[in-house]
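# Breakdown of the fold
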Amino acid sequence: MSVTTPRTLDEAVRLFSANPHATLLAGGTDLMVEINLHGRRPDAVVSLARIAELGTWSIDDDRVVIGSGVPYATMESGPLAVALPALAEAARTVGSPQIRAAGTLGGNLGTCSPAGDGLPVLAALDATIDLIGAGGERSVPFADFMVGVKRNSAQPGEIIRSVTIPRRDGWQGYAKVGTRNAMVIATASMCLHRSSSRIAVAMGAVGPTIIRAREAERWFVDQGGLNDIVSPDIMDGFAERVAEASRPIDDHRSTAAYRRHAVRVLARRLLERSYR
Ligand SMILES: Cc1cc2nc3c(=O)[nH]c(=O)nc-3n(C[C@H](O)[C@H](O)[C@H](O)COP(=O)(O)OP(=O)(O)OC[C@H]3O[C@@H](n4cnc5c(N)ncnc54)[C@H](O)[C@@H]3O)c2cc1C
């Protein structure tokens, strides 16, 4: 197995486009599990860990750009947490401090597990994924990026450079249900954003991709839900419709029935929190 450690993004693009079957390595918190426990044996690895540009982020009036190599530890607190509270909440739920120091948003997107904690936030806030390859750069809306369980629409030779997230006023939050309170992969997860002009809800681990409950969002707006006061009946109706949009399965982590129940509870709780 060859391992190359480019120092610039240009060099990484050159190396990866010359060998699009190489495996990219960022924090290694998913990839090393694949190698050490699941027998994955990549012929060639291109490490992105020494590319300074991928570890940078910026906050403008209308958007936040986070380099794919920024670790969760940087999102948990500080300016990124102020600009994107839901992402901070999601980051705080990821693994342990060690995992959050190494694991990156780029790696979460590269793996594209429906249980990835960063992903419902990107879906609810309408993030775009910025890709770079030998053919140039392009940005893909999150909804078109994740195309299935652990599948994304990056082309061979493309590297996730950054994630661009529109800044939004109003309230945003993230919550997750698992078999314990820490060091746990989600059984169900959810991000909700509510402002005077918009509600968006995205859920993880209850379908092959992250699911936006668009029908529930529309229903809530039609019921006058964006007003300052909303009745418990509308909150319950919203939660019910979000649960209906989930597509959970039975697996080793949970049953479909429990997941649907968890989604209903998460939707109700997050919506209620958004009015406090
Ligand atoms: C003990 C433990 C606990 C965990 N807990 C959680 C949890 O609670 N929530 C959660 O969501 N995840 C969890 N994870 C999984 C993992 O930490 C995250 O998915 C993390 O975001 C992966 O990032 P990484 O930088 O380590 O990725 P890596 O392991 O380096 O890479 C993961 C995949 O993404 C690809 N990749 C990496 N960077 C790029 C890029 N820039 N462009 C294109 N492809 C890229 C790689 O080729 C690889 O296929 C846990 C893992 C462990 C080991």
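Our subject is the structure that appears above.
Now for a description of the structure that goes with this document. (Residues numbered from 1 in each chain as written. Predicted model: local features only at pLDDT ≥ 70, side-chain atom pairs only at ≥ 80, totals over all residues. Heavy atoms only, no water.)

Among the 7 residues in strand S11 (residues 171-177), 7 count as buried, and that is most of the element. Here S11 shows two buried faces, one formed by Trp 171, Gly 173, Ala 175 and Val 177 and the other by Gln 172, Tyr 174 and Lys 176. Where S11 meets strand S12 (residues 188-194), 7 bridges bridge the pair, whose relative direction is antiparallel. Across the sheet, Val 177 pairs through a bridge with Ala 188, a residue of S12. (Buried < 20%, exposed > 50% of the residue type's maximum accessible area, 1.4 Å probe, protein only. Helix = DSSP H or I, 4+ residues; strand = E, 2+ residues; numbered from the N terminus. Pairing = 2+ DSSP bridges.)

Looking now at the environment of Arg 194. In this fold, Arg 194 is placed in strand S12. Overall, the relative accessible area of 11% leaves Arg 194 in the buried class. Here the alpha-carbon distance between Arg 194 and Glu 217, two residues 23 residues apart in the chain, equals 10.0 Å. Within the local environment of Arg 194, its side chain forms a polar contact with the backbone oxygen of Ser 274, the two atoms lying 2.7 Å apart. (Polar contact = N/O pair within 3.5 Å; in protein donor to acceptor, adjacent residues only side chain to side chain.)

With antiparallel pairing, the 4 strands of this open sheet are ordered in space as S11-S12-S13-S14. Single-partner strands in this sheet number two, and they are S11 and strand S14 (211-212). Running over the sheet, helix H5 (residues 85-93) touches S11 and S12 and is turned about 20° from S11. In the packing of helix H12 (residues 256-274) onto the sheet, contacts are made with S11, S12 and strand S13 (199-204), and the angle to S12 comes to roughly 30°. (Contact = heavy atoms within 4.5 Å. Axes fitted to C-alpha atoms, helices over the stretch in contact; angles between N-to-C directions.)

Turning our attention to the site of the ligand. Taken together, the neighbourhood of the ligand is formed by 33 residues, with Leu 24, Thr 29, Asp 30, Tyr 72 and Asp 117 sitting nearest. The side chain of Lys 176 places a nitrogen or oxygen atom 3.2 Å from an oxygen atom of the ligand. Within the backbone of Val 184, an N or O atom sits 3.3 Å from an oxygen atom of the ligand. The protein chains hide 87% of the 980 Å² of surface that the ligand would expose on its own. Of all the secondary-structure elements, those providing two or more residues to the shell around the ligand are strand S2 (23-25), helix H2 (31-37), helix H6 (97-102), helix H7 (105-111) and strand S10 (159-166). Here the shell around the ligand gets 5 residues from one element, more than from any other, and that element is H7. The residue makeup of the shell around the ligand, split by class, is 15 nonpolar, 15 polar and 3 charged. (Near = heavy atom within 4 Å. Areas by Shrake-Rupley, 256 points an atom, 1.4 Å probe, with all protein chains shown as cover. Nonpolar A, V, L, I, M, F, W, Y, C, P; charged D, E, K, R; others polar.)

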